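Structure assessment
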Amino acid sequence: MIDASTKFIAIVGDPIEHSMTPVIQNAALEALGVNVRNIAFRVSKDDFHNAVKGAMALGILGLMVTIPHKEAAAAIADELDWLAKLTGSANLLHFREGAIVGYNTDGYGASQSLKDAGVDVGGKRIAIIGAGGAGRCLCFQMLLDGASCIHLFNRTLDKAMRVAKEVEEKLSCDKVHVHELKHDVLKEVLADADILINATSVGMHPNEDETPVPADCLHDRLTVFDIVYNPLETRLLREARQVGARTIDGVSMLVYTNVRAVEVCLNLTPSFELMRQRCIEELKRRASQP
Ligand code: ATR
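Described in the following lines is the structure provided in the data block. Everything numeric here is computed off the predicted structure, so don't read it as measured data.

Tallying secondary structure elements over the chain gives 11 helices and 12 strands in all. Computed over C-alpha atoms, the radius of gyration of the chain comes to 19 Å, within 12% of the 19 Å expected from 2.2 N^0.38 for 290 residues, which places it in the range of a compact globule. Based on the C-alpha atoms only, the size of the chain along its principal axes is roughly 60 × 45 × 30 Å. Each of the 290 residues in the chain was classed as buried or not, and the buried ones make up 52%. Summarising the internal contacts of the chain: among those between residues at least 6 apart in sequence, 70% fall at separations of at least 24. Here the chain has roughly 13,300 Å² of accessible surface; of this, 50% comes from carbon and sulfur atoms. Across the chain, the centroid of the 31 positively charged side chains sits 1 Å from that of the 38 negatively charged ones.

Below you can see the structure in the form of structure tokens.
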């Protein structure tokens, strides 16, 4: 029950109505027995600054931040964790003694998802599809986790080139190779890759028939990780499973960002398993609705 002493962690984005976060985080908060709840707000770009100040004034513990506010969130913070600093984007703002501390926990979520599947990124050749916010963040994280090289594919080559240049400059390395998202190039590069990560929205509900990588480019020596979590098994993951590749769905990455939000804001560790289960139930419920 919400009463006069309930505290809140909020999530802001635009749009936000599809967000799974309130449903899954509230299940974990209830299980922890704390008088804290998660609530979502649709906040436009123009209102983001005021929303952050207002949230602080209201005593909200922290703000989870999603599209289109991640860069603005990093800019408004007084302090940033290492990945937020490197990427200039933050997905969590914690209000701490009057200061705003920004975190980027997307990379953590991806790292943990791979670890949970028994995959060690160290020394691995990683193909990342997508050079948007998520792809860029994953380039940094995978190289920092010890990947031997990144093959970055993007529909728009220019964008991938800019990301590669920035990542290589900031990490002082020359390990990012850029490619156009074309069938023959994918096939050639993936033949020698260990891990394939889809960091685009291709295949996301309601476009479940789409895939960023044709099935004949996949093989059983690959681990295929899709950051899309709706549907739980995307076409890419289904076709990867069918050729015998190891597959990792996007739900764990989403859940880990919730784990970190609760850890940072409450100094408590919520149940990962409970949140993952709740997320899968909610995805099924939504899928069954007309
Ligand atoms: P995010 O922050 O979630 O990464 P984004 O910054 O808008 O979102 O990036 C979306 C990524 O998905 C981009 O790499 C985009 O490719 P472009 O840079 O060419 O736009 C990619 N993407 C989206 N729709 C796509 C499609 N239909 N085919 C291929 N790539 C697509």
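Here the focus is the sheet that holds strand β5 (residues 92–96). Taken in spatial order, the six strands make up an open sheet running β2-β1-β3-β5-β6-β4, and their pairing is mixed. Each edge of the sheet is formed by a strand with only one pairing partner; in this case those strands are β2 (36–42) and β4 (79–80). Inspection of the sheet shows strand β1 (residues 7–13) paired to strand β3 (residues 62–65) by four bridges, in the parallel sense. Looking at the pairing, Ile-11 lines up with Met-64 of β3. Contacts between helix α1 (residues 21–32) and the sheet are confined to β1, β2 and β3, with β2 contributing the most and set at about 170 degrees to the helix. In this fold helix α2 (residues 48–57) packs onto β1, β3, β5 and β6 (99–103), with an angle of close to 40 degrees to the strand it touches most, β5.

Attention now moves to the packing of helix α5 (residues 106–116) against helix α6 (residues 133–144). Between α5 and α6, the least distance of the axes is 9 Å, while the angle of their chain directions is 55 degrees. When the axis of α5 is compared with that of α6, the two are oblique. The handedness of the crossing between α5 and α6 comes out as right-handed. Taken together, the residues of α6 that come into contact with α5 (itself represented by Asp-106, Gly-107, Tyr-108, Ala-110, Ser-111 and Leu-114) are Cys-137, Leu-138, Gln-141 and Met-142. A class-by-class count of the residues in the contact of α5 with α6 yields six nonpolar, three polar and one charged.

Next up on the list: the sheet that holds strand β8 (residues 149–154). On the basis of which strands lie adjacent, the open sheet formed by six strands has the order β9-β8-β7-β10-β11-β12 and parallel pairing. Of all the strands in the sheet, just β9 (176–180) and β12 (246–248) have a single pairing partner and so form its edges. Within this sheet the neighbouring strands show an average axis-to-axis angle of 20 degrees, counted without direction. One ladder, built from four bridges, connects strand β7 (residues 125–129) with strand β10 (residues 195–198); its direction is parallel. Residue Ile-129 lies in a different strand from β10, and its bridge partner there is Asn-198. The sheet strands contacting helix α8 (residues 183–190) are β7, β8, β9 and β10, and the helix crosses β8 at an angle near 165 degrees.

It is worth spelling out the pairing of strand β11 (residues 223–226) at this point. Of the two faces of β11, the one holding Thr-223 and Phe-225 and the one holding Val-224 and Asp-226 are both buried throughout. The pairing of β10 with β11 spans four bridges and is classified as parallel. Of the residues in β11, the one forming a bridge with Asn-198 is Asp-226. Across three bridges, the pairing between β11 and β12 is parallel. Bridge pairing in β12 links Thr-223 to Arg-246. Handedness of the crossover joining β11 and β12 through helix α9 (residues 235–242): right-handed.

What follows deals with helix α7 (residues 157–171). Taking 1.5 Å as the rise per residue, α7 with 15 residues should run 21 Å; its terminal C-alpha atoms sit 21 Å apart, in good agreement. Count one or two residues on from α7 and you reach Ser-172, which has phi positive near 45 degrees.

A few words now on the site of the ligand. The immediate surroundings of the ligand are formed by 14 residues, with Ala-134, Asn-154, Arg-155, Thr-156 and Lys-159 found nearest. In this structure, an oxygen atom belonging to the ligand sits 2.6 Å away from a side-chain N or O atom of Asn-154. With respect to the ligand, the side chain of Thr-156 contributes an N or O atom lying 2.4 Å from an oxygen atom. If the ligand stood free it would expose 640 Å²; the protein chains cover 66% of that surface.

Criteria and cut-off values
- Residues numbered from 1 in each chain as written.
- Predicted model: local features only at pLDDT ≥ 70, side-chain atom pairs only at ≥ 80, totals over all residues.
- Heavy atoms only, no water.
- Helix = DSSP H or I, 4+ residues; strand = E, 2+ residues; numbered from the N terminus.
- Rg over C-alpha atoms; globule rule 2.2 N^0.38 Å.
- Buried < 20%, exposed > 50% of the residue type's maximum accessible area, 1.4 Å probe, protein only.
- Contact = heavy atoms within 4.5 Å.
- Areas by Shrake-Rupley, 256 points an atom, 1.4 Å probe, with all protein chains shown as cover.
- Lys, Arg positive; Asp, Glu negative; His and termini not counted.
- Charge placed at Lys NZ, Arg CZ, Asp CG, Glu CD.
- Pairing = 2+ DSSP bridges.
- Axes fitted to C-alpha atoms, helices over the stretch in contact; angles between N-to-C directions.
- Parallel < 35°, antiparallel > 145°, perpendicular 65-115°, else oblique.
- Left-handed = near helix turned anticlockwise from the far one by under 90°.
- Nonpolar A, V, L, I, M, F, W, Y, C, P; charged D, E, K, R; others polar.
- Right-handed = clockwise from strand over helix to strand, strands pointing away.
- Expected span 1.5 Å × (residues − 1).
- Near = heavy atom within 4 Å.
- Polar contact = N/O pair within 3.5 Å; in protein donor to acceptor, adjacent residues only side chain to side chain.

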